[in-house]
Structure formats: C-alpha cells, structure tokens
Amino acid sequence: MARPTPEAPALPLDTILAGDCVAAMDALPEASVDLIFADPPYNLQLRGDLHRPDNSKVDAVDDHWDQFDTFAAYDRFTRDWLRAARRVLKPNGAIWVIGSYHNVFRVGAAIQDAGFWVLNDVVWRKTNPMPNFRGKRLTNAHETLIWASKSEKSKYTFNYEAMKALNEGVQMRSDWTFPICTGHERLKNERGEKAHPTQKPEGLLHRVLLSTTNPGDVVLDPFFGTGTTGAVAKMLGRHFIGIEREDDYRALATQRIADVRPYEKAALEVTTSKRAEPRVPFGQLVERGMLRPGEELLSGNGRFRAKVRADGTLVGKDHKGSIHQVGAACEGAPSCNGWTYWHFKREGKRVPIDALRQQIRDEMAGKRLS
C-alpha cells in the first residue's frame, strides 16, 4: 500500500513572519509566490556621524542591520537570500530588488549569477533628495530597482496597457519620479522620530505591484521593515507575506496594515491588451445566432461583400476562408484583421463584427467576477 503523500506546509498569507529571512523563506513551500519585492540592507559603509552645515546631526542609516564587516560578508549574505528567494518563486514569477550605488551593482551581479533573467533596471529619481552636506560629491538623487524573471523563459506578468494608461497613454519608461517618503506617510515612533530610515513611498510600490502582479497574487517581501509592501498589496487586492526580524518594525507594520482599507473589487480591474483577452472564435458568433449562415458582411470601405457560412468561414465572389483570409484576399494584402475589417448591418447601420466578439468577452468577464 502506497504511503500518503505528506501535505505541503500552508502558505502564511497576509502574515508577518519573525526572524531571519533566509530561514523563514526556507520554511515556505517551494514555488509558492508570484512576486518578490526585496529592499535589502544597503551596506552604506558610513564612517562616523554625518552633520549638516549648522552642525546638527543627520539621521542617517546607521542601524546594526545595515552593517557588514567586509564586501565579502555582504556578498555571502546576498547570495544566501537570493538562493532562498529563488526557491520559493513560481516558475513564471519575478523579483524586484531596490538598492543604491553602495550595493546595487554587487546585488545585480549576484542576481544574474543565481540564474534570474534581468528584464529592466528602473531609476527611481527622487524629487526631494537629501543634499550632500559635505559638498564633496554629487547629490545622490536616485535609487535603482532591478526587475528580473526567474528564468529567461518565464512567462512573467507585465500589465503593459495598464502602465500605459497610468502614464496618460504613453508607454511607461524606466525612469520613475517620486518624492522620498515624507509628511503623513512617514511613520513615526513613540518619540516622534522617523520609525525607519529607508521607508519607501507607497506610490513606488503601487507602480511595481500594479505593473507586475494581478489581484489574488502572492507578494513576498523578505525585508519587510514597516510594511509598505504589505499595505499596498492589501489595498490592491494582493496577498502578502512579510519577513522581519526587528520587533519594533513588525509592531508598526502590523498596526499600519490593520488600518488599511482595501479598494473595491471593481476598482482593481486594469486596462488589458486585446491579446490578453479571452479568445473568441468567429464561429462562436454563428453558433450563438448572433450572425446567421447566409448573412452578408461588408468591408469597412464598402467595396467588398462576403457571406457567412455555417462553419464560421466566409465566401466571397472569388475567395473563401476565414474572416482574416478573405479580407486579406479582397485587399490583396499579406494579412488582415477580419474583426475590424468586416461589418454587418443592424437597423440600417454598419457595425463591426468585433462588437459581437466584445459582447461575448464582457459576458465571460462577468462570469469570472461573479
């Protein structure tokens, strides 16, 4: 008698896990998350305190979690967490890693060495960067995000049309402009000080998650901090798993996410391309009686006619075949989009057959949402 297969551990959705990120990821099921957003320690290599010209101290990143003895130690840490991250990522998943000039080049090489396939590097240009107080370097006004799929062949998510719509109809570029986290969005501790030195703006995570995940996807953040990834994921109808070893950050993140109100389900739908919509064969219009065998179709320019056949093909004066083949033959063109080329008449008006296809797609979408 065969032994029962042991059940895989349950995925701790919408939970903040305590402890080391590598150990926590190693305890998760393999190939279980859709996207990883990682904001690892930057290893800033600060040497002493930093002061403004008026001699006031700058609240810089000098926490123990950002300190490594050597570059070699930082590289080992990077390789370890990337290995663990790769194991839990689904085959068609992707990863985003953000960093500064202190670490992003080392991390980028490690990402490629680990087998990920780099898709883009994105420059986050800060509209209100911290100035260079010593006046010995350029103001560091940007950070870099690396977006990579699990492998070269991964069918990763990219909501291209949604990003184009977000950018007023223009293709989204790889340079993004956002202010650093300030004002009401900046979390404070009980002493009124900023709770986390590198808290990321929610707008940045909104763009990342909207562009590369879908509602219901699972987003893992192994360096959760005060929970920006979790807060935005909850707003957008995505699940999150956070990993954070610092007690104070976990407490702040827990309260922050509890206060988040998710957007309505209908508001989470985004613009998609025609290719992403469900395929509807022309024959389905005939089967459903939306067009009848023998009904005449007209080309958009009115020059050509063809009749619908029972098997979903067309027959014209000199041509027969699919809506695309007959349209192309009529025009003497190498190809033709028959859906927009052919029209039918209703109440004396010409209507593209694509309107019937969209009617079926709308019905299918209604079933998916119900």
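Everything discussed here concerns the structure shown above.
So, here's what we can say about the structure. Keep in mind the model is a prediction, meaning the values are calculated, not measured. (Residues numbered from 1 in each chain as written. Predicted model: local features only at pLDDT ≥ 70, side-chain atom pairs only at ≥ 80, totals over all residues. Heavy atoms only, no water.)

With that settled, the discussion passes to the packing of helix 6 (residues 228-235) against helix 7 (residues 247-258). In a packed pair of helices, the relevant descriptors are the angle between the two axes and the axis-to-axis distance. One way to put it is that helix 6 packs onto helix 7 with a least axis distance of 9 Å and a crossing angle of 15°. Overall, the two elements helix 6 and helix 7 adopt an arrangement that is roughly parallel. As helix 6 packs across helix 7, the resulting crossing turns out to be right-handed. In this structure, helix 6 contributes T228, G230, A231 and K234 to the contact, and helix 7 contributes R256, I257 and A258. Of the residues in the contact of helix 6 with helix 7, the class split is three nonpolar, two polar and two charged. (Axes fitted to C-alpha atoms, helices over the stretch in contact; angles between N-to-C directions. Helix = DSSP H or I, 4+ residues; strand = E, 2+ residues; numbered from the N terminus. Parallel < 35°, antiparallel > 145°, perpendicular 65-115°, else oblique. Left-handed = near helix turned anticlockwise from the far one by under 90°. Contact = heavy atoms within 4.5 Å. Nonpolar A, V, L, I, M, F, W, Y, C, P; charged D, E, K, R; others polar.)

This brings us to the environment of T226. Note that T226 resides in the loop between strand 7 (218-221) and helix 6. Taking the C-alpha atoms as reference points, T226 and T198, separated by 28 residues in sequence, lie 9.6 Å from one another. Among residues more than four places away in sequence, those in contact with T226 are L187, A195, H196, Q199, Y249, L252, A253 and R256.

With that out of the way, let us pick up the sheet that holds strand 6 (residues 175-178). Reading across from one edge, 1-8-7-2-3-5-4-6 is the order of the eight strands in this open sheet, with mixed pairing throughout. Single-partner strands in this sheet number two, and they are strand 1 (15-18) and strand 6. Strand-to-strand twist of the sheet, defined as the mean angle between neighbouring strand axes without regard to direction, takes the value 20°. Docked against the sheet, helix 2 (residues 71-88) engages strand 2 (33-38), strand 3 (89-99) and strand 7, running at close to 145° with respect to strand 3. (Pairing = 2+ DSSP bridges.)

Before going further, it helps to spend a moment on the sheet that holds strand 14 (residues 349-352). Hydrogen bonds along the backbone pair up the strands of a sheet, which may run parallel or antiparallel. Spatially, the six strands line up as an open sheet ordered 12-11-10-9-13-14, and their pairing is antiparallel. Each of the sheet's edge strands pairs with one partner strand only, and the pair in question is strand 12 (320-321) and strand 14. As defined by bridge partners, strand 11 (residues 314-316) adjoins strand 12 across two bridges and the pair is classed as antiparallel. Paired with V315 across the two strands is K320, which belongs to strand 12.

Its location among the elements puts T78 in helix 2. Leaving out residues up to four positions away in the same chain, T78 has contacts with V107 and A110.

Another aspect to go through is the packing of aromatic side chains. Per the counting criterion, the structure on display carries eleven aromatic pairs. Their ring planes at 90° and their centres at 4.9 Å tell us that Y341 and W342 sit as a pair that is edge-to-face. The two residues Y341 and W342 agree in class, both being buried. Each residue in the set W96, W147, Y156, F158, Y160 and W176 is aromatic and connected to the rest through ring pairs, giving one cluster. The ring of W124 is capped by K126, whose NZ or CZ atom sits 5.1 Å from the centre of that ring. The positively charged end of R207 is found above the aromatic ring belonging to W176, 5.0 Å away from the centroid. (Phe/Tyr/Trp six-rings, centres within 6.5 Å; stacked < 30°, edge-to-face > 60°. Buried < 20%, exposed > 50% of the residue type's maximum accessible area, 1.4 Å probe, protein only. Lys NZ or Arg CZ within 6 Å of the ring centre and 35° of its normal.)

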